[in-house]
Structure formats: structure tokens, C-alpha cells
2 protein chains.
Amino acid sequence: MKNEIISFLSNSLDKYGYLGAVIGISGGIDSAVTGALLVEALGRDRVFGLLLPERDSSPDTVRDSKLVCCHLGIGYKLIRLTGILRKKGIYRMHPPALFFPRKVQEWYTRKVWEEEGDTYIKELTSSGSTTFLKGLAYYRIKHRTRMTMLYFEAEKRHYAVVGSTNKTEVKMGFYVKWGDDSVDFEPLSHLYKTDVYRLAGELGVPDRIIEKPASPDIAPGITDEYAMGVSYKDIDRILKKIEGGKDLSSEKPENVRRVTTILNCAAYREIRSLGISDQLP
Amino acid sequence: MKNEIISFLSNSLDKYGYLGAVIGISGGIDSAVTGALLVEALGRDRVFGLLLPERDSSPDTVRDSKLVCCHLGIGYKLIRLTGILRKKGIYRMHPPALFFPRKVQEWYTRKVWEEEGDTYIKELTSSGSTTFLKGLAYYRIKHRTRMTMLYFEAEKRHYAVVGSTNKTEVKMGFYVKWGDDSVDFEPLSHLYKTDVYRLAGELGVPDRIIEKPASPDIAPGITDEYAMGVSYKDIDRILKKIEGGKDLSSEKPENVRRVTTILNCAAYREIRSLGISDQLP
């Protein structure tokens, strides 16, 4: 598994003449794994990390991201996006919650999330109340702004932008269109999240990074599993059974229903630059 | 031609439940034509224009864009990107040329362009000197920043982002990956530039917009035809002959060579989120 990805990375960067790779380091497991694979493929001198936190990032984000970069031994740059996003006018929509303890922020965000009803489905289909739609615009522009910065640093160096989206995220629509999915190479897109965990162990990713709950780091208290409503273990097992055409009767019916609903709605993410000669999905 | 696009637009927005469309108005012919088609498809109240100039935009950009919006009778918002791009740190790379007359700026930019050698080919393949690569990063981040603003305004309203890229631009790679090409619907992507001109006449686009030289408005004096080195009339005639498998012997050999070289290099634009299970192009 590991060696196949390493040759994919070194062959494809070579084929297109890229001199190295830029990667966004979030402090999460996926970017840590991608970083480790890139270091093995290219050597640490040709891998450059970008840390792109903003006002609402978790207080752990920068510390964990630095830990990953130090562990990998790669050069990196910390660019705080708060000033850029303020200029884009987004923070006016949500005043800062600085004076509340993180736990209160988490409680409040989850309350708002739950009041909206089936929030993740509404997210996938971009539907819901005006307040909810503003919330979508508010967090998606952050991911897209990160993409613009990754390319800015990559293009100056003739480096490729390498992404960290895994197969579970692709299938479940757990990414931002023209944001974290918009890269040159996507070395984890054939691996389920649970496979990424296995690979992390093999690559020696620090325990702290492996053990923290996976989160898109967009709002306090909203982890991946909280947003999707099913655990990664359950999601991946069900996705693999669906992919292999296997019997689902041993699975909890509510989990199967949840995963298949999300799969159907995730197709909305795939409306991309559709022209008159394309088949509408 | 016109009616087919109008039904494509109203059907596809309807199918995905979008309430309207956001469009970036540049003051050029493509966005004016797309705007006119959207108004016919959805009615002017469901079409919203964004004007997104920045420090280096032509002095005519805002005036021409307002002319288009007034002519279409659509609502619009002018967001100057200069502050955002300054926060992204880009203007430090190129100091302002404010005190030089526009003509001198044009002369200077063309001189730099010509000194680099085959600039458009280098652009397509992202190769060249360090200074040149910085120049690429510098102008591409502008297009990507525009994309983030178009989606921000669209998502707040549950509107689609509708693009204006035509078939000549698609084939010749005359767009920025994850920038002006990253939209929900692309109603002109099956039309060559010369067809867009014809459509503009039919739709009553103001003469001033039709007659100005097509330009990406990224640097003074660099028009589309100057950058590609062949006129749109010649490019489209050659592209149509190639598409139809027709004889090219009546074409100037240097034009055919130029177009085919660009076609080959434009494939580099298509490195997009490639995974291990994708076929490398």
C-alpha cells in the first residue's frame, strides 16, 4: 500500500516536471500521512508545508501542525488567514466568541447544528434557512481561501499542490468543492479513512495526531463523525460492503439508511462546470 | 443556438434547486453574453452580477462592467479585491505602476513578456525563470480569489455560479485552473469565441463591449490574441478543421504549428486531483 503510493507520487511529479510538493498541514491525520509519504517519495527538502489557521481554528491546530512538520523535518510557513478573511467580509456574519470558554462555544455550536434539523444533508444539498446558508458560505470560503494560498506558494516554486482527501470523504461528500478537493495530486483518494489510520501507524505518525478526533476544524465541537452521524468504522465497513455488492443485513438499518442517504446527496457536490454537451448527473 | 442554451440554463438550475445565478461581470463580451442568456432564462430578478476589480485592472473595467449590468437590468455588487490581495501578500511582488501613463505600462509589460521567450507556452506548462513563475502565481491567485467571492455570494442566496468560459479558451488552455473555470454551469463551453461574437450581436450586447479587444485584464497591454500569438478568427478556423478532420493545407503553417503546440501543452491544465486509480493524462 505504502510503496505503491510512494512510487505514484515520485513518478507523477517527475512526469509533469514539478520540482517538489506543497502540502497544507492541518494537524490532522490525513495531512500527516500525506506529508510522510511525500517525504519518502521526494526527500524532505522538496516538501513544503503550509499552516493556514484563522480566527475560528482550534487552539490546538497550530501546535499540532508544527508537531507534524517537525516530526517530518520539512520546511513550513505559517500564514494566518484571519486578516484575509476579514477583508473578504466574512467575520461580520459571526462575531467572535473569544470571551466564552471553548466548552461553551462547543455546546452552543452543537445546539445551533441540531436546531437546523438534518444539518449534514442540508449541507450536501446546500439547502436550509437563510441563516444556515450564510453559515455554509462562511465556512466554505475558508477552505477555498486555503486553496488559493497553497497554489500561490506552489506556483512560485514550480511545486505541485498535493491533497489529503481520502476515499471515505470523497464518497460521503465530506469536502468543499473547489476547496480542499482542488489539488494536483490526491494520493489518499483510493484509501478509506480506516486504511489511513493503519497507514499512519506504519509511517510512525505521532500518537497525539492519530488519537485526536478527526475534525474539519471549522466550528467548535463539530467532529467528522458528529457531522455525519455515524462512526468511521461503521461508515467504512458499510461502504466496503456496498462496493463489493455484499449483504448488509448484519448492519444496523439506521446506519445503512444514513450512509445511503448521504451517498445519494453527495452527488450534488459533483455539479462542476457542466456544459450543454455534458450529461447532467 | 440561443434557445438551446436558455433551456439548458433554466432546466439545470431548476433540476438542482438553485434559486438563481451569480455571474462575474468583467466588462468583456463572454460575461455579457452569459448574463444576457441568464436574464432570458431566469428573468433579471434572479441574476446577480459581481464586479471584482483589483489594483491592476484596466481603468475601463468597472465602467464597462456597470454598462453591462445596466444594460441587462440586473442587480450587482462591486467588491474591490485590492485589500484582500494585499493581505495575501501579492502586491509586494510587483510594486504599483500608478505614476506611469497606461501606454508606458503596456510597453513595459510587453517588453517583459517578450524577453521571457515563448511566454504562453511557459505559462501553460508552468515553467520558466523564477521571476516568471512568481508572475504566474501573482496573476493566478487573482482569478482564484474571484472564484471564492463568487461562491460566497452565491451560497448565501442558494444561487448557482455560472461561468463564461468558451470552447476556444477551454481548448487553448486560456483559463486558470481552480479559477475562472471553477463554476457550477458553463453555458458557453461548447461555443468557439467567434460564435460568441455572433451570439452577442443576436442578444443586443452593447457595441462598446463587442468592439473592445478581448483581454484577460491581468496585465496592461496583454490581450488574448497577443498572448496566444494568433487571431481568434485563425484559431477557431483551425480548431474547427482539426475537430472535423479536415485538410489544413490552406492554412499558414506557422499558425497550424502554433495552435497544435498550444493544444498539446494545454493538457497540463488537466492535472486535477489525480489519484492512484486515475490514468495520468
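How each quantity is defined
- Residues numbered from 1 in each chain as written.
- Chains lettered and ligands numbered in written order.
- Predicted model: local features only at pLDDT ≥ 70, side-chain atom pairs only at ≥ 80, totals over all residues.
- Heavy atoms only, no water.
- Least-squares fit on C-alpha atoms with pLDDT ≥ 70 in both.
- Contact = heavy atoms within 4.5 Å.
- Pairing = 2+ DSSP bridges.
- Helix = DSSP H or I, 4+ residues; strand = E, 2+ residues; numbered from the N terminus.
- Axes fitted to C-alpha atoms, helices over the stretch in contact; angles between N-to-C directions.
- Phe/Tyr/Trp six-rings, centres within 6.5 Å; stacked < 30°, edge-to-face > 60°.
- Buried < 20%, exposed > 50% of the residue type's maximum accessible area, 1.4 Å probe, protein only.
- Right-handed = clockwise from strand over helix to strand, strands pointing away.
- Expected span 1.5 Å × (residues − 1).
- Arc of directions from axis to C-beta.
- Salt bridge = Lys/Arg side-chain N within 4 Å of Asp/Glu carboxyl O.

Chemist: Where do I start with the relation of the copies chain B and chain A in this structure?
Modeler: Each copy of the chain is related to the other by a rotation around an axis and a translation along that axis. Note on the identical chains: chain B maps onto chain A by a rotation of 180 degrees and an axial translation of 0.0 Å, with an RMSD of 0.0 Å. Classification of the inter-copy transformation places it as that of a two-fold axis. Within chain B, B:Ile84 has its C-alpha nearest the rotation axis, a separation of 2.7 Å. Taken together, the interface assignments show that 100% of the residues at the interface of chain B recur at the interface of chain A, consistent with an identical surface on both copies.

Chemist: Before we go on, may I ask you to explain the sheet that holds strand S4 (residues 160-161) of chain A in this structure?
Modeler: Strands in a sheet are paired, the pairing made by backbone hydrogen bonds, and the direction either parallel or antiparallel. All names here are of chain A. Reading across the sheet, the 4 strands line up as S3-S2-S1-S4 and stay open at both edges, with parallel pairing between neighbours. Only two strands of the sheet have a single partner each, and these edge strands are strand S3 (75-78) and S4. Of the strands in this sheet, strand S2 (47-51) and S3 are in contact with helix H3 (residues 60-72), which crosses S2 at around 175 degrees. The sheet contacts of helix H7 (residues 130-157) involve strand S1 (21-24), S2, S3 and S4, and relative to S1 the element is tilted by about 165 degrees.

Chemist: Explain the packing of aromatic side chains here, please?
Modeler: We describe a pair of aromatic rings using the distance from one ring centre to the other and the angle between the two ring planes. Here the structure, examined in full by the defined rule, presents 13 aromatic pairs over all chains. Taking 6.0 Å as the distance between ring centres and 45 degrees as the angle between the ring planes, the aromatic pair formed by A:Trp178 and B:Trp178 counts as tilted. Of this pair, A:Trp178 sits in the loop between helix H8 (167-172) and helix H9 (193-203) while B:Trp178 is found in the loop between helix H8 (167-172) and helix H9 (193-203), placing the two residues in two different chains. Accessibility classification places A:Trp178 together with B:Trp178 in one group, the buried group. Between A:Tyr268 and B:Tyr16 the ring centres are 5.9 Å apart and the planes differ by 85 degrees, which places this aromatic pair in the edge-to-face class. One end of the pair, A:Tyr268, is in the segment after helix H13 (253-266); the other, B:Tyr16, is in the loop between helix H1 (2-15) and strand S1 (21-24), on a second chain.

Chemist: Is there a simple way to think about the pairing of S2(A) in this case?
Modeler: Residues and elements named next belong to chain A. Most of S2 is tucked away: 5 of the 5 residues are buried. Alternating positions in S2 separate into two faces, Val47, Gly49 and Leu51 on one and Phe48 and Leu50 on the other, with burial throughout. The sheet contact formed by S1 and S2 spans 4 bridges and is parallel. Paired with alanine 21 across the strands is valine 47, a residue of S2. On the question of chirality, the crossover connecting S1 to the parallel S2 by way of helix H2 (residues 29-42) is right-handed. Note that S2 and S3 share 4 bridges and pair parallel. Bridge pairing in S3 links leucine 51 to leucine 78. Note on the crossover from S2 through H3 to S3: the handedness is right-handed.

Chemist: How do you make sense of helix H1 (residues 2-15) of chain A when you look at a structure like this?
Modeler: Helical periodicity: at 3.6 residues per turn, an α-helix aligns residues three or four positions apart in one direction. Residues and elements named next belong to chain A. For H1, built from 14 residues, the straight-helix expectation of 20 Å at 1.5 Å per residue is met to within 8% by its first-to-last C-alpha distance of 20 Å. Among the residues of H1, Ile5, Ile6, Phe8, Leu9, Ser12 and Leu13 are the ones counted as buried. All buried residues of H1 project into a common sector of 160 degrees when viewed along the axis, lining one side. The exposed residues of H1 that point more than 90 degrees off its buried face are Asn3 and Asp14. Looking at the packing, one finds that the buried side of H1 touches S1, H2, S4 and H9.

Chemist: It is not clear to me how the environment of A:Tyr18 should be interpreted in this structure. Could you clarify?
Modeler: Counting through the fold element by element, A:Tyr18 comes out in the loop between H1 and S1. For A:Tyr18, a relative accessible area of 13% gives the class buried. Spatially, the C-alpha atoms of A:Tyr18 and A:Leu133 are 38 Å apart, while their sequence positions differ by 115 residues. With sequence-adjacent residues up to four places away left out, A:Tyr18 is seen in contact with A:Leu13, A:Arg46, A:His158, A:Tyr159, A:Ala160, A:Asp184, A:Phe185 and B:Ile271.

Chemist: How should I be thinking about the pattern of salt bridges in this particular structure?
Modeler: Pairing is possible between side chains of opposite charge, provided their charged atoms come close. Following the criterion strictly, the structure yields 52 salt bridges over all chains and no others. Residues B:Asp118 and B:Arg258 are paired through a salt bridge, measuring 3.0 Å at the closest nitrogen-oxygen approach. Pair noted here: B:Asp118 is in the loop between helix H5 (102-115) and helix H6 (119-124) and B:Arg258 is in helix H13 (residues 253-266), with a separation of 140 residues, a long-range link. Judged by relative accessible area, which is 37%, B:Asp118 ranks as partly exposed. Each member of the salt-bridge network shares a partner with another, and the members are A:Asp60, A:Arg63, A:Asp64, A:Arg208 and A:Lys212.

Chemist: Sorry if this is basic, but what is going on with the sheet that holds strand S2 (residues 47-51) of chain B here?
Modeler: All names here are of chain B. Strand order in the open sheet formed by 4 strands is S3-S2-S1-S4, with parallel pairing between adjacent strands. In this open sheet, the two strands that pair with only one neighbour each are strand S3 (75-78) and strand S4 (160-161). Of the strands in this sheet, S2 and S3 are in contact with helix H3 (residues 60-72), which crosses S2 at around 175 degrees. Where helix H7 (residues 130-157) meets the sheet, its contacts fall on S1, S2, S3 and S4, and the angle it forms with S1 comes to roughly 165 degrees.

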